[in-house]
Amino acid sequence: MSSLTRTQVLGLYKQFIKNANNFNDYNFKNYFLRRTRASFRENRDVKDQEKLNLLYTNALKDLGVLKRQSLISQMYTFDKLVVEPLKTEHE
Amino acid sequence: MLRQGITGLTRVSRLLRVGANSRPALSGGIRLYSKAASNAALKFADDAALETHTDTEAAAREQTVTRAAATSSPSEVIGSSTSALQNAYAENTGFGTRPIYLDMQATTPTDPRVLDTMLKFYTGLYGNPHSNTHAYGWETNKEVENARKNVANVINADPKEIIFTSGATESNNMVLKGVPRFYKRSKKHIITTRTEHKCVLEAARAMVNEGFDVTFLNVDNEGLVNLKELEEAIRPDTCLVSVMAVNNEIGVMQPLKEIGSICKKHKVYFHTDAAQAYGKVPIDVNEMNIDLLSVSSHKIYGPKGAGAVFVRRRPRVRLDPIFSGGGQERGLRSGTLPPPLVAGFGEAARLVVQENDADIAHIKRLSEKLTKGLLSIPDTSLNGSAEHRYPGCVNVSFAYVEGESLLMAMRDIALSSGSACTSASLEPSYVLHAIGKDDALAHSSIRFGIGRFTTEEEVEYVVDAISKRVKFLRELSPLWEMVQEGIDLNSIEWSGH
């Protein structure tokens, strides 16, 4: 595998945030946003190409899970939590 | 295929038309109507919403009605009390209605990553993991063994030492009944504590009926077992010591390593009920000399209905199985394993290891925030040891407030005054009694559970809501008034009627 570019990693990060935001469930949404931000920050200074590639392939797998599960979260919905502001439908 | 489907549909609609024609009064216009309707139905099927919404509020309302009907007091009393408490509810318009979930000791939400692992077992991987004649069996068996490895990994055990069960209750029963039954010829004594979970206490009680002696150890007012007392309680015919790792009500962590070394010294088997501890506090079965350990899947964001028991192989711990059957799980727990649940459990176990640092830091931070916020309300106290505890379980007593009425005033937060098993009864918690709390304080305590998915915003909301409502309920309470006037409540002689 060739070396990862900055654009590739940033694109992956964007995908994670986008899919985490797709969760209908408040707690899951916030959890995945928090974990995405934290883990990308955590690995920000990794320079070792081999480790980077491993992280990248694992992240792609996780992204698949996130994509599927955020869809499921949109299919099986529940009332909003008391801390969640309601958005009016016609905005 | 598609063509067949369409012809099938027309056939159905023709049948419908025949049906409509057979009703003389409705014939005529109906034919046209039914055609339009079937077209509409077809169209609807194309852009039907995939979303299925669960209206949780309706269920809550129904529950309230049932409960109101069950209580002997007439409905008007309930009506008036609700109106009196009206300003105690946060009637925030523009926000949702579903309560914040803070009862993580009862159960935890299933992690989406766990569900993702489980789904393929409900869609294609349906083989029996014990079938070894075909690929369907092999593929599920592979996943089950992978799960076993992940479950063992959390407590540094060997995968062969993990027996899958239906949950911690089954695991506890298996151990508490199985080990003494196996050694019943020479050993007749079991030791456990007063603060155990109901399933351990009841299983031990059942063994009394079978002729075993059971010692229920007391705990100090921090909730900890006295090691000297434990050592003195061990007799030559003691076969099993069972002490829970983390208490389900007060979150107190027992000194497992010390207990393990005492048990090893006296050559007694050491069992720990780690339902609340597994994956949350560090446990190493070898370092702590644990011989048997019970685990539940749904306390670690896994599916409900799965659990495991760790049974040491070297030196071998033997037990009589409760279930007789096909000899699955080393013959200790016969019956086909549920691969979806087991695989979900395995994934949950993998995740608690992977997310360990992040989870601990997050839960600790929120727990400190919550504890600080709640204890800043006057006349509140934390139950159980402040040091030896799992931070995700915070049990606080609010003096001069009735716990149940606080819970009633807290429709927007899902909390419990104790374990879910006993929350149906109004009697005060036996665990709080065991740590020396009187009835009044035991009645006024509430357990808060924080988990991986709890957010900071939720904790802030809870602290704010509780502070306001405790203040409000105290203003209603005559006891609080008396305390404010400087009357010592213990000096009053109440006359009973």
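As annotated in an unreviewed UniProt entry, chain B is Cysteine desulfurase, mitochondrial from Zygosaccharomyces rouxii. Taken directly from UniProt, the Cofactor (unreviewed entry) text for chain B runs: "pyridoxal 5'-phosphate". In UniProt, chain B has this text filed under Sequence similarities (unreviewed entry): "Belongs to the class-V pyridoxal-phosphate-dependent aminotransferase family. NifS/IscS subfamily."

Going by the annotation in an unreviewed UniProt entry, the name recorded for chain A is Complex 1 LYR protein domain-containing protein, with Zygosaccharomyces rouxii given as the source organism. Under the heading Sequence similarities (unreviewed entry), UniProt records this for chain A: "Belongs to the complex I LYR family."

This part takes up the pairing of strand E11 (residues 393-398) of chain B. All names here are of chain B. Where burial is concerned, most of E11 is hidden: six out of the six residues are buried. With three bridges connecting them, strand E10 (residues 380-382) and E11 associate as antiparallel partners. Its bridge partner being in E11, leucine 382 is matched across the sheet by valine 396. Alignment of E11 against strand E13 (residues 445-449), held across five bridges, turns out to be antiparallel. Bridged to asparagine 395 within E13 is arginine 447.

The next point concerns helix H3 (residues 49-75) of chain A. Count 3.6 residues to each turn of an α-helix, and residues three or four apart come out pointing the same way. Between the first and last C-alpha of H3 of chain A there are 39 Å, a value that for 27 residues agrees with the 39 Å anticipated at 1.5 Å per step. The set of residues buried in H3 of chain A consists of Leu52, Asn53, Tyr56, Ala59, Leu63, Val65, Leu66, Gln69, Ser70, Ile72 and Ser73 of chain A.

The next point concerns the nonpolar core. Residues and elements named next belong to chain B. With 90 residues, the main nonpolar core has Phe164, Tyr278, Phe398, Phe448 and Ile466 as its most contacted residues. Examining the composition of this core, we find that eight residues originate from one element, helix H16 (residues 456-476), more than from any other. Residues lining this core come from more than one domain, with at least three contributed by each of domain 1 (89-104 + 357-491) and domain 2 (112-354). Residue contacts for phenylalanine 164: discarding those within four places in its chain leaves Val144, Ala147, Arg148, Val151, Gly307, Ala308, Glu329, Arg333, Leu337, Val342 and Phe345. Core analysis: the next-biggest nonpolar cluster, separate from the first, contains 23 residues, Tyr183, Cys239, Tyr269 and Val317 among them.

Turning to the pattern of salt bridges, a few remarks are in order. All names here are of chain B. Applying the stated criterion to the full structure yields 25 salt bridges over all chains. A salt bridge links glutamate 456 to lysine 369, with the shortest nitrogen-to-oxygen separation between them at 2.8 Å. Of this pair, glutamate 456 sits in helix H16 while lysine 369 sits in helix H12 (residues 356-375), placing them 87 residues apart in sequence. According to the relative accessible area criterion, lysine 369 is partly exposed, its value standing at 29%. Here arginine 469 and aspartate 412 are joined by a salt bridge, their closest N and O atoms 2.9 Å apart. A residue pair is termed long-range when its members are at least 10 positions apart, and arginine 469 in helix H16 and aspartate 412 in the loop between helix H13 (403-408) and strand E12 (413-414) qualify at 57 residues.

A separate point is the sheet that holds E11 of chain B. All names here are of chain B. As summarised here, the arrangement of the three strands in space is E10-E11-E13, forming an open sheet in which the pairing is antiparallel. With partners counted over all chains shown, the strands left at the sheet margins are E10 and E13, one partner each. Taking the axes of each pair of neighbouring strands and ignoring which way they run, one obtains an average angle of 25 degrees across the sheet. On top of the sheet, H12 reaches E10, E11 and E13; it is set at about 5 degrees to E11, its chief contact. The strands touched by H16 are E10, E11 and E13; relative to E11, the strand with the most contacts, the crossing angle is about 20 degrees.

Each value, and the rule that gives it
Residue numbers run consecutively from 1 along every chain, following the written order of its sequence. The lettering of chains begins at A and the numbering of ligands begins at 1, in the order of writing. Two thresholds apply to this predicted model, a pLDDT of at least 70 for residue-level local features and 80 or more for giving and counting side-chain atom pairs, whereas whole-chain, interface and lining totals are computed over all residues. Side-chain numbers come from the whole structure's heavy atoms, not from hydrogens or water. UniProt positions are given in the numbering used here, feature names are shortened, and annotations may be inferred rather than shown by experiment. Relative accessibility decides the category of a residue: with a 1.4 Å probe and only protein chains considered, values under 20% of the type maximum give buried, values over 50% give exposed, and everything between is partly exposed. Each helix is a run of H or I in the DSSP string that is no shorter than four residues. Each strand is a run of E no shorter than two, and both are numbered from the N terminus. A pair of strands counts as paired when DSSP detects no fewer than two bridges linking them. Helices are assigned an expected span. That span is 1.5 Å times one less than the residue count. The term nonpolar core refers to a set of buried residues drawn from Ala, Val, Leu, Ile, Met, Phe, Trp, Tyr and Cys, joined through side-chain atoms within 4.5 Å. Where each domain starts and ends follows an automatic or database-derived domain assignment. Note on contacts: a residue pair is in contact if any heavy atoms of the two residues lie within 4.5 Å. Salt bridges are defined as contacts in which a side-chain nitrogen from Lys or Arg sits within 4 Å of a carboxyl oxygen from Asp or Glu. Note on method: axes are straight lines fitted to C-alpha atoms, helices fitted across the in-contact stretch only, with angles between N-to-C directions ranging 0 to 180 degrees.

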